[in-house]
Amino acid sequence: MPHSYSESILLFFYHYKNATSASPMAKYMKGQFEFLGIPSPRRKFLLNEFILSNGLPTKEELSRVMKDLWESPYREMQYVAIDTWDKMRKHLVPNDIKLIEYLIVHKSWWDTVDFLASHAAADFFKRFPAEMRPVTSRWIHSNNMWLQRSAILFQVHYKDKTDQKLLYQYIAQQCSSKEFFIQKAIGTALRQYAKIAPKSVYHFVSSTDLAPLSKREALKHIG
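Rules used throughout
- Residues numbered from 1 in each chain as written.
- Predicted model: local features only at pLDDT ≥ 70, side-chain atom pairs only at ≥ 80, totals over all residues.
- Heavy atoms only, no water.
- Salt bridge = Lys/Arg side-chain N within 4 Å of Asp/Glu carboxyl O.
- Helix = DSSP H or I, 4+ residues; strand = E, 2+ residues; numbered from the N terminus.
- Buried < 20%, exposed > 50% of the residue type's maximum accessible area, 1.4 Å probe, protein only.
- 1 Å grid on protein atoms, 1.4 Å probe; cavity = no way out; pocket = protein on both sides within 12 Å on 5 of 7 lines; lining within 4 Å.
- Points joined across faces, edges and corners; volume = space filled by probe spheres on them.
- Nonpolar A, V, L, I, M, F, W, Y, C, P; charged D, E, K, R; others polar.

Taking an unreviewed UniProt entry as the reference, the protein is identified by name as DNA alkylation repair protein belonging to Chitinophaga caeni.

Visitor: Please provide a residue-by-residue account of the pattern of salt bridges, values included.
Guide: Following the criterion strictly, the structure yields 13 salt bridges and no others. With its nearest N and O atoms 3.5 Å apart, the salt bridge here joins D68 to R64. Taken together, the residues D68 and R64, both in helix 4 (residues 59–71) and four residues apart, mark about one turn of the helix. R64 sits in the partly exposed class, given a relative accessible area of 39%. Among the salt bridges present, the one from R191 reaches E217, with a minimum N-O distance of 2.5 Å. Residue R191 is located in helix 11 (residues 180–194), and its partner E217 is located in helix 13 (residues 212–218); the two are separated by 26 residues in the primary sequence. Judged by its relative accessible area of 17%, R191 falls in the buried class. Under the relative-accessibility criterion, E217 is labelled buried at 7%. Ionic contacts of the salt-bridge type, sharing partners, join the residues K184, R191, E217 and K220 into one network.

Visitor: Residue-level account of the layout of surface pockets, with values.
Guide: Taken as a whole, the largest pocket holds about 170 Å³ of empty space. Taken together, 13 residues make up the lining of the largest pocket; nearest its centre are S118, H119, A120, A122 and D123. Mapped by element, the contributors of at least two residues to the lining of the largest pocket are helix 5 (75–87) and helix 7 (110–127). Here the element with the most residues in the lining of the largest pocket is helix 7; it accounts for seven residues. Residue composition of the lining of the largest pocket, by class: six nonpolar, three polar and four charged.

In structure tokens form, the structure reads like this:
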């Protein structure tokens, strides 16, 4: 049985189901998930309305509520879970990385994984920098493609705070991967970092045996 808070929020959002909007949303996601048909701006507005009336879950309830929402067949509820996490981030503790990992490896697709990596995990590692290397090292050496992708992408918005050595190390470890989502992540991470260090990225790309997709993405704005 879902937690009472989870059940309330699920019922609240189900009331706004729109089959007309749901169909193209599911099509955009290649039929991977069902949708309620609630666009992002409307979803965020509704969540704020729900919180005004019901408050946020307690820190003790957060993990249970997040997992309940993750179990919903409707993709919007995974987005609601992430938005709820974001509103609770000031209350997090180092052990909460286990919840991020759980969400990354369950119902995995690029939409949730990339946000979890580049926002939830990225913010978490800024708050708890001692966790960054041991956790992401475990991710990159795992057999889970989505954890590996997250290890490559979590610094994508770090700009001049990027740990260049770590970024290049993780890319070098995965550059022979045949997985599209790994090759794309490598290209995306390098493309973003090239905005800060174009010469370094150019040199790294020139001296590393990257997949054509990764190389093309990495050099998109620097030639």
